[in-house]
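# Observations on the three-dimensional arrangement
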Amino acid sequence: MTNLSYVLLVIGFIILIKGADFFVDGASSIAKIAKMPTLLIGLTIVAFGTSAPEAAVSINAALKGSNDIAIGNIIGSNIFNLLVAVGLSAMIRPIKVQKTTIIKEYPLSIYSVALLIILSLDNLFAGNDANLLTRGDGLILLLGFGVFMFYLIEMAVLSKEADDEVEEIVKLPLSKSIIFSILGLVGIVFGGDMVVKSATDIALHVGMSETLVGLTIVAVGTSLPELVTSVTAARKGESDIAIGNIIGSGLFNIFFVLGVSATIHPIAVSSKLIFDFIILAIVTVISHVFAYSKKEVDKKEGFALTAMYIAYMVYIIIRN
């Protein structure tokens, strides 16, 4: 079984990479045809599509009572996206960040993390004996998702006639753009699912704990669509898709995925994850500072972000 898992892991990576290539081309072309900024496409279609693996894994884990995987997957995925997906993308080509992203989307990301921490740490903020994401907490997170969607709709209306001056997008025929997007998304989700299942099988076979699997193998595996999509977008000069994908995915993961998961079944939050909550808050702020300082994330900052993730991985492996 383990030998087959290695084969499926490689096949999953191939499908994932090719799917991301198709998806970026199709989504950016649709944005051009619809006269909508690619940032909006990155925050919605691309972000929600590449977050499908996180949604599937965390919701299923919550239903099965695998709390550490359900919430560890989301925390680990968001940390990975902010440090590695942004870091590697910036190392390939500096990512230009629009003013609206700096003053609106990034602060909203910081708010979402702060809200999650407050709702999760009941023994600190509510005086309870255990930390728990209750159904009420899940509804609050879903309300946050509703606010985010309202903001996106408002952005779409205000930006309908806006033209992208930074990125030169190749406009494909509409039918071809839709086919590319659908095939790419299917490839991303299917390839990501293959990678997660095979990598988890390998990890459990060598004796890793559920908490460690959730924060590392599953989190990294479900984040591969975001990583590959953002790196591919950066390579093609699509900065708005590269950064919009990461921010939109992070907000979708916290507000929608954890919101739905907790509403379906309350999620117990392990005390081991408190440190990881803090790390997520810190890296969200650091990523914002990098973007704010020069209106872009350059290669040096990309290297620094990636190095932070390596240090974090070393720590949690030693911790577990």
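Overview of the structure.

Analysis parameters
Residues numbered from 1 in each chain as written. Predicted model: local features only at pLDDT ≥ 70, side-chain atom pairs only at ≥ 80, totals over all residues. Heavy atoms only, no water. Helix = DSSP H or I, 4+ residues; strand = E, 2+ residues; numbered from the N terminus. Buried < 20%, exposed > 50% of the residue type's maximum accessible area, 1.4 Å probe, protein only. Contact = heavy atoms within 4.5 Å. Salt bridge = Lys/Arg side-chain N within 4 Å of Asp/Glu carboxyl O. Expected span 1.5 Å × (residues − 1). Arc of directions from axis to C-beta.

### So, the environment of glycine 250
- Note that glycine 250 resides in helix 10 (residues 239–264).
- A relative accessible area of 12% places glycine 250 in the buried class.
- Considered as a pair, glycine 250 and asparagine 81 are 169 residues apart in the sequence and their alpha carbons are 7.9 Å apart.

### Points about the side chain of asparagine 253
- Position of asparagine 253 relative to the elements: it lies in helix 10.
- Asparagine 253 sits in the buried class, given a relative accessible area of 0%.
- In contact with asparagine 253, other than residues within four places in its own chain, are Ser51, Glu54, Ile74, Ser77, Asn78 and Leu258.

### Here we look at the pattern of salt bridges
- In this structure the tally under the stated criterion is 1 salt bridge.
- Among the ionic pairs, arginine 319 bridges to aspartate 276, the shortest N-O distance being 3.1 Å. Linking arginine 319 in helix 12 (residues 299–319) with aspartate 276 in helix 11 (residues 274–294), this pair joins segments that are 43 residues apart in sequence.
- Judged by relative accessible area, arginine 319 falls into the partly exposed class, the value being 27%.
- Overall, the relative accessible area of 0% leaves aspartate 276 in the buried class.

### A few points about helix 11
- Compared with an ideal rise of 1.5 Å per residue, which puts 21 residues at 30 Å, helix 11 spans 32 Å between its outermost C-alpha atoms and is within 8% of the ideal.
- Every buried residue of helix 11 is listed here: Asp276, Phe277, Ile279, Leu280, Val283, Thr284, Ser287, His288, Phe290 and Ala291. Viewed end-on, helix 11 has its buried residues packed into an arc of 170 degrees, placing them on one side of the element.
- Phi turns positive one or two residues past the end of helix 11, at lysine 295, with a value near 60 degrees.

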